Amino acid sequence: MKNGGMERLLATLAVSVGLLALGVAVVISDLGIGFVLLTFFLSAVALTIGTRMATEKDPWWKSLVVAGWVTKLIGSSLRYWVLVSIYIAGDASGYHGRGIAFADYWRSFDVPPVIGGIAGTPFMTWTTSVLYIPYEPSFVGGFFEFATLSFMAQLLFYASFRRAFPAARWKPYAYGILFLPSVVFWPSSIGKESLVILGIAIATYGSVRLFERYSPKWILVIMPGLLLAGIIRIHMAALVAGAIALTALWTRTPKPKGSGVRRAAFMLVGVLGLGLLVNLTATEFDFTVSADEFDLDALYDRLERQTGDGGSAVEGEPIRSIQDIPQGVLRVLYRPFPWEATNEQALLSAAEGTVLLIVTLLRFPAMVRGLRMTRRRPYFTYTLLFTAGFVMAFSTFLNLGLMARQRSIVLPFLLVLLVAPGAEEAQARADKKEAQRRARLDELAATAPAPSSTA
């Protein structure tokens, strides 16, 4: 199919399935008209923002983002069904119930009580209650609200890739960021993943713009993203900040005048901020950081004990040396393998991981060659550093079920490493072939005999 035909077909099928699923949900449950109106409101917001992102180079994005949005709602519905049917709602039920109660405080122009600080679970409760101020949604309606937030993160990741690689083919990344099962499924419930991935996406887009000329205004975009991710999971904010600071240190200074001075100032501020985040992370996870000591053994031992139980637990070691890297990378990014799956959910994760592993092996030579652009392509360097840091940090997780859930945060970065290397060269070759084709056509047109005229 040409001229976006495949994307239009995909969008049509997605909308049809989505409307059918919405109708079934209303008929067989007690969701009511309020749920329908909420769904259409969220759809209007998501699709207005998403479709307006399309440019002349990616007109197919409009149809694709419609299909991606409907897929997100279906993924959120499945996440709701799994939590309610298998896990008896888990933490999401608590967030929902307290969110309803706390929303009454806001509506009365009062402040809800602060219990146990504001970070982590209390912040989740407050956020849920704020979303519930204008309308008290059903449980699945709350899932849709948080799915909308994580969908905004998907749009930001695509915008970041498009901005960082203007000469690359954007469609492979667009398909990945919109339809990878883990990205569609896991951060689509009332839970911390939705807010963490949104915070990281905001900081990521801000960093892409920052690296262009180190304009200070983009720090004002990065900081809220770090704050949102960090107030829930401080170590994720530390990973993002570390990747940004090291990228600024390693990559070349941009050409615009004054970028060098602004870059130096940013690195100074960045190092100070990173030091603060590392110390906060050390306090949170109880490991030692000082000028002459950096002891992670206690942290590794604790995380291994916490994540080494359950039906999805496997044997393994955290990455402590070079020889631990292969098994650590496989466990964090690609496992479980199909033969390790113990249920339908694990089987879907295994299928996704297997496909990603095959793509990685096929793209590995290009990825190695892509290391040559780390100095001139800050966003590639940033994604590489974040992915490496994520693998190091989460290699302590020995439960593949828990790891599959956390992996949704790093997959947008892994996609960049898979798609970006060689993309510009491939596009340049395609442009050259197209120019040669047009030149030949012009030459043939110039040498062709003029048509004879008859009296």
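As a reminder, the structure under discussion sits directly above these lines.
Residues numbered from 1 in each chain as written. Predicted model: local features only at pLDDT ≥ 70, side-chain atom pairs only at ≥ 80, totals over all residues. Heavy atoms only, no water.

Some words on the overall build of the protein chain
1) Next: Along its length, the protein chain carries 19 helices and two strands.
2) Next: Once local pairs closer than 6 in sequence are excluded, the contacts in the protein chain between residues at least 24 apart make up 74%. (Helix = DSSP H or I, 4+ residues; strand = E, 2+ residues; numbered from the N terminus. Contact = heavy atoms within 4.5 Å.)

Re the nonpolar core
1) Next: Ranked by size, the top nonpolar core spans 99 residues in total, and within it F165, I200, F386 and F390 carry the most contacts.
2) Next: Other than its neighbours up to four places away in sequence, I200 contacts F157, G225, A229, M236, V240, F386, I409 and F413. (Core = buried A, V, L, I, M, F, W, Y, C linked by side-chain atoms within 4.5 Å. Buried < 20%, exposed > 50% of the residue type's maximum accessible area, 1.4 Å probe, protein only.)

A closer look at the pattern of salt bridges
1) Next: Under the criterion given, the structure shown has seven salt bridges.
2) Next: Ionic pairing is found between R162 and D58, a salt bridge with its closest N-O pair at 2.9 Å. One end of the pair, R162, is in helix α6 (residues 139-164); the other, D58, is in the loop between α2 (32-51) and α3 (61-85), with 104 residues separating them in the sequence.
3) Next: Of the residues examined, R162 reaches a relative accessible area of 15% and is grouped as buried.
4) Next: On the basis of relative accessible area, D58 is assigned to the buried category, the value being 0%.
5) Next: Linked by salt bridges that have partners in common, R163, R209 and E212 make up one network. (Salt bridge = Lys/Arg side-chain N within 4 Å of Asp/Glu carboxyl O.)

Overview of helix α9 (residues 192-213)
1) Next: With 22 residues, α9 extends 33 Å between its outermost C-alpha atoms, agreeing within 8% with the 32 Å of an ideal straight helix rising 1.5 Å per residue.
2) Next: Burial analysis of α9 places 18 of its 22 residues in the buried class, which makes it a mostly covered element.
3) Next: Phi for Y214, located one or two positions after α9, is positive at around 55°. (Expected span 1.5 Å × (residues − 1).)

Side note on the packing of α9 against helix α16 (residues 378-394)
1) Next: Between α9 and α16, the shortest axis-to-axis distance is 9 Å and the interhelical angle comes to 145°. Considering how the two elements wind past one another, α9 and α16 form a crossing that is right-handed. Residue-level contacts link I200, T204, S207, V208 and F211 of α9 to P378, Y379, Y382 and F386 of α16.
2) Next: Of the residues that constitute the contact of α9 with α16, the class distribution is seven nonpolar, two polar and no charged. (Axes fitted to C-alpha atoms, helices over the stretch in contact; angles between N-to-C directions. Left-handed = near helix turned anticlockwise from the far one by under 90°. Nonpolar A, V, L, I, M, F, W, Y, C, P; charged D, E, K, R; others polar.)

Describing the environment of A101
1) Next: Here A101 shows up in helix α4 (residues 90-107).
2) Next: Its relative accessible area of 37% is what places A101 among the partly exposed residues.
3) Next: Each C-alpha atom, one on A101 and one on T125, is 9.7 Å from the other, the two residues being 24 residues apart in sequence.

Describing a positive patch on the surface
1) Next: Together, R252, R369, R372, R375 and R376 line one region of the surface with positive charge.
2) Next: Looking at the secondary structure, you find R252 in the loop between α11 (234-250) and α12 (259-285). (Patch = residues over 30% accessible without salt bridge, like charges linked within 9 Å, V, L, I, M, F, W, Y side chains within 5 Å. Areas by Shrake-Rupley, 256 points an atom, 1.4 Å probe, with all protein chains shown as cover. Lys, Arg positive; Asp, Glu negative; His and termini not counted. Charge placed at Lys NZ, Arg CZ, Asp CG, Glu CD.)

Describing the packing of aromatic side chains
1) Next: Applying the stated criterion across every chain, the model contains 23 aromatic pairs.
2) Next: Ring centres of F157 and F413 lie 5.5 Å apart, and the angle between their planes is 75°; on these two criteria the pair is classed as edge-to-face. On the criterion of sequence distance, the pair formed by F157 in helix α6 and F413 in helix α18 (residues 411-419) is long-range, its members being 256 residues apart. Comparing F157 with F413 shows no difference in burial state: the two are buried. (Phe/Tyr/Trp six-rings, centres within 6.5 Å; stacked < 30°, edge-to-face > 60°.)

Some thoughts on the side chain of R79
1) Next: Following the sequence through the fold, R79 ends up in helix α3.
2) Next: In this structure the side chain of R79 is engaged in a polar contact, spanning 3.3 Å, whose partner is the backbone oxygen of W186.
3) Next: Contacts of R79, omitting those with residues within four sequence positions, involve F143, F185, W186, S189 and R405. (Polar contact = N/O pair within 3.5 Å; in protein donor to acceptor, adjacent residues only side chain to side chain.)

Considerations on the environment of F157
1) Next: The exposure class assigned to F157 is buried, which follows from its relative accessible area of 1%.
2) Next: Considered as a pair, F157 and V416 are 259 residues apart in the sequence and their alpha carbons are 9.6 Å apart.
3) Next: Filtering out sequence-adjacent residues up to four positions away, F157 remains in contact with Y173, I177, I197, I200, A201, T204, Y379, P412 and F413.

Observations regarding the side chain of S182
1) Next: The residue S182 is located in helix α8 (residues 181-185) in this model.
2) Next: Residue classification places S182 among the buried residues on the basis of a relative accessible area of 4%.
3) Next: The residues contacting S182, other than those within four sequence positions of it, are P187, E352, A404, S408 and L411.

Side note on helix α10 (residues 219-232)
1) Next: Here α10 spans 20 Å end to end across 14 residues, near enough to the 20 Å set by a 1.5 Å rise per residue.
2) Next: Those residues of α10 lying buried are I222, G225, L226, L228, A229, G230, I231 and I232.
3) Next: On its buried side, α10 packs onto α5 (121-131), α9 and α11.

Here we look at unusual backbone geometry
1) Next: Geometrically, the link from R335 to P336 is a cis peptide bond, its omega value of 15° lying close to zero.
2) Next: The residue P336 is located in the loop between α14 (325-333) and α15 (344-370) in this model.
3) Next: Located in the positive-phi region is F109, a residue other than glycine, with phi close to 55°.
4) Next: For F109, a relative accessible area of 81% translates into the label exposed.

Digging into the packing of α14 against helix α17 (residues 400-407)
For any two helices packed against each other, the geometry comes down to the angle between their axes and how far apart the axes lie.
1) Next: Between α14 and α17, the shortest axis-to-axis distance is 8 Å and the interhelical angle comes to 75°. Taken as axis vectors, α14 and α17 run roughly perpendicular relative to one another. Every residue of α17 that contacts α14 at R331, V332 and L333 is listed here: L400, M403 and R407.
2) Next: Within the contact of α14 with α17, the residues separate by chemical class into four nonpolar, no polar and two charged. (Parallel < 35°, antiparallel > 145°, perpendicular 65-115°, else oblique.)

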